[in-house]
Amino acid sequence: MTHITSSTIGYPRIGEQREWKKTLEKYWNGTISKQELLETTKEIRLNGLRKQKEKGIDLIPVGDFSLYDHVLDTSLMFGIIPQRFQNNSLGSSSLDTYFAIARGTKEAYASEMTKWFNTNYHYIVPEFDDAKPILTENRLLHFYKEAKEELGIEGKPVILGPISFLKLGKGYKEADFQALLETFLPLYIQVLKELETEGVTWVQIDEPILVTDLSETDFAYIKQAYESIAKAVPNIKLILQTYFESVTHYEEVVKLPVAALGLDFVHGKTLELLQQFGFPQDKQLFAGVIDGRNVWRQDLEETWGLLEAIQQIIDKERIIVQPSCSLLHVPITKHLEQTLDPIIKGGLSFADEKLTEIAVLADGLQNGKEKVLEEIHESKTALQALNQSHYRGKSRQTVDRHEWQAERPAPFQQRIEEQRTELQLPLLPTTTIGSLPQTAEVRKQRLKWRRGDVPTQEYEQFIQKEMKKWIKIQEDIGLDVLVHGEFERTDMVEYFGEKLNGFQVTKYGWVQSYGSRCVKPPLIFGDVSFQNPMTVKESVYAQSLTDKHVKGMLTGPVTILNWSFVRDDIPEFDVLNQIAIALRSEIEELEKNNIKIIQVDEPALREGLPLKKADWNTYLDHAVYAFRLATATVKNSTQIHTHMCYSSFGDIYDAINRLDADVISIETSRSHGELISTFEENTYEKEIGLGVYDIHSPRVPTKEEIKHNIQRALATIPVKQFWINPDCGLKTRKEEETIAALEIMVEAAKEIREEQLHSLEK
Ligand code: GLN
Ligand code: ZN
């Protein structure tokens, strides 16, 4: 292959119009055949490759594409199939087994899903219990050949490296790590050997785990592993790829026996490390200089400066320009955004636009700065226009912590007494997390309304009708605290983005969140502030229909920030506090309107946690402050709830406590008892609901399972503090399965309530 100057790490799977999502869902619903699924997704995959080639990328990844998740792909490639999915009714179809592990079946619960490092992408956690790994199919070889045959592209196969793969999984003891690693290494080597035989040159092996706080022992294993891999495939050029932060053991990492290192120069301190410790003469550098995590255009003058600084240490022949991580985390192209404010649009760069930036920078690196001048000029003009019209010129509202009350006036014990008197809830109250099924009809009406085909009044009546229907359903099921259902929201962040100052929403800016689920993070371009009440109308209406309490429902400041694309040149923590102050106005409005329970969701709090522990305190301090800033001004008797997904409660126990929410609900059912052990070690005095069934799977749980989950929790958590709820919002579920599951949950709760009341009396 000729001289390589530019590369990418991964490309979005979902298609410009989310064709991927639609195809998968059709297959799951049984409306298309396997054949059709495979053909359509192949077209989407080839399109992505074609585009990267046309934009001028030299080294294009293959095998990064997935039908659900790349970690699950790796598991299946190595035959890691949880026992409960073996020999079941799925027969021998590996594709259906694949989807079953991800989504669950009637007989078997799905594998746990968790966030991919500090992103909102979720991967399926490998279960290594009694693993007997085998190579089932060399998917890298398959995709390499496909790209070559179909498009004449000499691709770069991508594989998740053994250390990261194992570290991201569960079902083995720390002490057995080395032994487990040894069972996988021969398989990794076999994959690489087959690629070598096929004539593959470059292979990207992803080891993002290298940016986390690995121990010395772990590092020793890494060294051994890569030594044996390097020895086995001398003709393959391995790119050891890291992202999301700078690597932790830099001096050791650069000595590993690989041909190239892929480093993130956007996040962390990679340039400083390079300057301090140098870079080996015998290696190439895949320099991640274009931010793969943000959609705002970079000032290419600065990026050029970064490349020049790198050249002080490494000669340009050994530098390959690429994004900081896979482009999976950004939407595909801004060209579809026909209605976006042109100045804001000018300041954006989605995946395809980033490809151009990369190709131009690579050209400049090889052939001189003249090649980039035009692109630099364009980026600067676009960003200046953005500053003049939307950001500078307006004074920024920075928050002086001394001036803002961010603490509730009374301690929890006093508040909870007043709340109990006010709310009069039974022991083990039942509730849901907020959203209820968004049927095709709900989505259709919203779309029509957005297009102007349905007048606002009619649309609002439709939403009211849904709320009314579901208030009745919730009452019939016997839930204690009701929700209005969030039918008016497409997305829990976008909804607020549309209503707060300082935000813009896109039309097609989708990114994959989990499986076929995509989200559309709003853009934050300037000062954020409150305009008008955002949720009051719906909450008040729903409350008017019932004597039970209906929770007010908001997305918290940390989640709004983490799930939006904030401009790089605005201080993040300022934005966070601005969002908090805006939400505080909303919460005060809800309280004024007689809403007595207000839930402020923070599902993204854990995911935003920096990858290096040393940075945790700063982040958590700001996160806790912002949450309190938003929620501190309510009466003692107003109950503040919060909700978190996949929170690794143990890691941030103290911060969760400091949020000072009266009630927290946490997702746990896919990780089962793991969370409960945290409570064995710590006493938590506030009220808490641990999700008692998994909502990410269409499977309806049995009463026994739910009772078992509740009982296990009650073994450590005092019954008076415990709430009963599903794991997360029910928006993506179908109506029938939701009603069935909630009925079972309430029945289970009632039975346990009886037992508990009995024993409390004794
Ligand atoms: N209230 C939101 C819902 O129920 C919470 C979603 C989430 O935690 N991601 O959909
Ligand atoms: Zn959740």
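Everything numeric here is computed off the predicted structure, so don't read it as measured data. (Residues numbered from 1 in each chain as written. Chains lettered and ligands numbered in written order. Predicted model: local features only at pLDDT ≥ 70, side-chain atom pairs only at ≥ 80, totals over all residues. Heavy atoms only, no water.)

1. Structural notes on the site of ligand 1
Next, step 1: Contacts to ligand 1 come from Ile-433, Gly-434, Ser-435, Glu-486, Met-492, Met-553, Asp-601, Pro-603, His-643, Cys-645, Cys-728 and Gly-729.
Next, step 2: A distance of 3.1 Å separates a nitrogen atom of ligand 1 from a polar atom in the backbone of Ile-433.
Next, step 3: Burial of ligand 1 by the protein amounts to 90% of the accessible area it has alone, namely 290 Å².
Next, step 4: When atom positions are compared with the pocket grids, ligand 1 is found to occupy the largest cavity.
Next, step 5: Its residues placed into classes, the shell around ligand 1 shows 6 nonpolar, 4 polar and 2 charged. (Near = heavy atom within 4 Å. Polar contact = N/O pair within 3.5 Å; in protein donor to acceptor, adjacent residues only side chain to side chain. Areas by Shrake-Rupley, 256 points an atom, 1.4 Å probe, with all protein chains shown as cover. 1 Å grid on protein atoms, 1.4 Å probe; cavity = no way out; pocket = protein on both sides within 12 Å on 5 of 7 lines; lining within 4 Å. Sits in = over half its atoms within 2 Å of the grid points. Nonpolar A, V, L, I, M, F, W, Y, C, P; charged D, E, K, R; others polar.)

2. Concerning the state of the cysteines
Next, step 1: The tally for this structure, following the rule as stated, stands at 0 disulfides.
Next, step 2: With no disulfide of its own, Cys-518 has Cys-728 as its nearest cysteine by sulfur position, at a separation of 16 Å.
Next, step 3: For Cys-518, a relative accessible area of 5% puts it in the buried group.
Next, step 4: With a relative accessible area of 14%, Cys-728 lands in the buried category. (Disulfide = S-S within 2.5 Å. Buried < 20%, exposed > 50% of the residue type's maximum accessible area, 1.4 Å probe, protein only.)

3. Structural notes on the sheet that holds strand S18 (residues 597-601)
Next, step 1: Ordered by their spatial adjacency, 6 strands build an open sheet running S16-S18-S19-S20-S21-S22, and the pairing between neighbours is parallel. Because the sheet does not close on itself, it has two edges, and the strands there are strand S16 (552-555) and strand S22 (722-723). (Pairing = 2+ DSSP bridges. Helix = DSSP H or I, 4+ residues; strand = E, 2+ residues; numbered from the N terminus.)

4. What to know about the side chain of Glu-337
Next, step 1: Relative to the elements of secondary structure, Glu-337 occurs in the loop between strand S9 (319-323) and helix H12 (342-346).
Next, step 2: There is no salt bridge for the buried Glu-337, and the closest opposite charge comes from Lys-507, which lies 6.9 Å off by N-O distance.
Next, step 3: At 2.6 Å, the side chain of Glu-337 and the backbone nitrogen of Lys-507 are in polar contact.
Next, step 4: There is a polar contact of 3.5 Å between the side chain of Glu-337 and the backbone nitrogen of Gly-509.
Next, step 5: Residue contacts for Glu-337: discarding those within four places in its chain leaves Lys-345, Phe-350, Thr-506, Lys-507, Tyr-508 and Gly-509. (Lys, Arg positive; Asp, Glu negative; His and termini not counted. Salt bridge = Lys/Arg side-chain N within 4 Å of Asp/Glu carboxyl O. Contact = heavy atoms within 4.5 Å.)

5. What to know about helix H13 (residues 351-367)
Next, step 1: With 17 residues, H13 extends 24 Å between its outermost C-alpha atoms, agreeing within 8% with the 24 Å of an ideal straight helix rising 1.5 Å per residue.
Next, step 2: Of all 17 residues that make up H13, 14 are buried, and the element is covered over most of its length.
Next, step 3: Phi turns positive one or two residues past the end of H13, at Gly-368, with a value near 105 degrees. (Expected span 1.5 Å × (residues − 1).)

6. Topic: the coordination of the zinc ion (ligand 2)
Next, step 1: Those donors, His-643 (NE2), Cys-645 (SG) and Cys-728 (SG), are the protein atoms that reach the zinc ion (ligand 2), and they lie 2.0 to 2.2 Å from it.
Next, step 2: One chain supplies every donor to the zinc ion (ligand 2), and in sequence these donors are spaced H-x1-C-x82-C. (Donors = N, O, S within 2.8 Å, 3.2 Å for Na, K, Ca; no water.)

7. Comments concerning empty space enclosed by the protein
Next, step 1: Per the counting criterion, the structure on display carries 10 cavities of 30 Å³ or more.
Next, step 2: By volume, the largest cavity amounts to about 450 Å³.
Next, step 3: Lining the largest cavity are 26 residues, and of these Met-492, Arg-517, Trp-563, Cys-728 and Lys-731 sit closest to its centre.
Next, step 4: Residue assignment for the lining of the largest cavity shows that the elements contributing at least two residues are strand S12 (511-514) and strand S13 (517-519). (Points joined across faces, edges and corners; volume = space filled by probe spheres on them.)

8. Section: the packing of aromatic side chains
Next, step 1: What the rule picks out here adds up to 23 aromatic pairs.
Next, step 2: Measuring from centroid to centroid gives 5.9 Å for Tyr-27 and Phe-99, while their planes differ by 50 degrees, and the two rings are tilted. One end of the pair, Tyr-27, is in helix H1 (residues 19-29); the other, Phe-99, is in helix H4 (residues 94-103), and 72 residues separate them in sequence. Side by side, Tyr-27 and Phe-99 carry an identical accessibility label, which is buried.
Next, step 3: The interplanar angle of 85 degrees and the centroid separation of 5.7 Å between the aromatic rings of Phe-165 and Phe-184 together place this pair among those described as edge-to-face. Of this pair, Phe-165 sits in helix H6 (residues 162-168) while Phe-184 sits in helix H7 (residues 177-198); the two residues are 19 residues apart in sequence, bridging distant segments of the chain. (Phe/Tyr/Trp six-rings, centres within 6.5 Å; stacked < 30°, edge-to-face > 60°.)

9. Focus on the pairing of strand S7 (residues 260-264)
Next, step 1: The buried count for S7 comes to 5 of 5 residues, which makes it a mostly enclosed element.
Next, step 2: As judged from the 3 bridges shared by strand S6 (residues 237-241) and S7, these two strands associate in the parallel manner. Bridge assignment links Leu-240 to a residue of S7, and that residue is Leu-261.
Next, step 3: Two elements, S7 and strand S8 (residues 284-290), share 5 bridges in a ladder whose sense is parallel. Residue Leu-261 lies in a different strand from S8, and its bridge partner there is Leu-285.
Next, step 4: Between the parallel elements S7 and S8, the chain passes through helix H10 (residues 270-277) in a crossover that is right-handed. (Right-handed = clockwise from strand over helix to strand, strands pointing away.)

10. Let's talk about the pattern of salt bridges
Next, step 1: Applying the stated criterion to the full structure yields 47 salt bridges.
Next, step 2: Salt-bridge contacts for Glu-460 lead to Lys-537; the nearest nitrogen and oxygen are separated by 2.9 Å. Of this pair, Glu-460 sits in helix H17 (residues 456-477) while Lys-537 sits in helix H19 (residues 536-544), and the two are 77 residues apart along the sequence.
Next, step 3: The exposure class of Glu-460 is partly exposed, given its relative accessible area of 32%.
Next, step 4: For Glu-755, the salt bridge identified is with Lys-707, shortest N-O distance 3.7 Å. Within this pair, whereas Glu-755 is found in helix H26 (residues 735-761), its partner Lys-707 is found in helix H25 (residues 703-714), the two being separated by 48 residues in sequence.
Next, step 5: Salt bridges linked by common partners bring Arg-408, Arg-415, Asp-660, Asp-662 and Lys-686 together as one network.

11. Topic: the side chain of Glu-112
Next, step 1: For Glu-112, the location among the structural elements is in the loop between H4 and strand S2 (113-115).
Next, step 2: Within polar-contact distance, the side chain of Glu-112 engages the side chain of Lys-170 at 2.8 Å.

12. Comments concerning the environment of Ile-695
Next, step 1: Along the polypeptide, Ile-695 turns up in the loop between strand S21 (687-690) and H25.
Next, step 2: With relative accessibility at 3%, the residue Ile-695 sits in the buried group.
Next, step 3: Separated by 585 residues in sequence, Ile-695 and Ala-110 have C-alpha atoms that sit 10 Å apart.
Next, step 4: For Ile-695, the residues in contact, after removing those within four places along its chain, are Pro-726, Asp-727, Cys-728, Gly-729, Leu-730, Thr-732 and Arg-733.

13. Examining the pairing of S21
Next, step 1: Burial along S21 is two-sided: Glu-687 and Gly-689 facing one way and Ile-688 and Leu-690 facing the other are all buried.
Next, step 2: As judged from the 4 bridges shared by strand S20 (residues 663-666) and S21, these two strands associate in the parallel manner. Paired with Ile-666 across the bridge in S21 is Leu-690.
Next, step 3: Where S21 and S22 come together, 2 bridges link them in parallel fashion. Each bridged residue has a counterpart across the sheet, and for Ile-688 the counterpart in S22 is Phe-722.

14. Re the nonpolar core
Next, step 1: By size, the foremost hydrophobic cluster in this structure holds 140 residues, and its most contacted members are Phe-78, Phe-99, Trp-116, Tyr-226, Phe-265, Val-289 and Ile-310.
Next, step 2: Those residues in contact with Val-289 that lie beyond four places of it in its chain are Phe-265, Val-266, Gln-298, Thr-303, Leu-306, Leu-307, Ile-310, Val-321, Gln-322, Pro-323 and Leu-361. (Core = buried A, V, L, I, M, F, W, Y, C linked by side-chain atoms within 4.5 Å.)

By themselves, these are just geometric observations and shouldn't be taken as functional.
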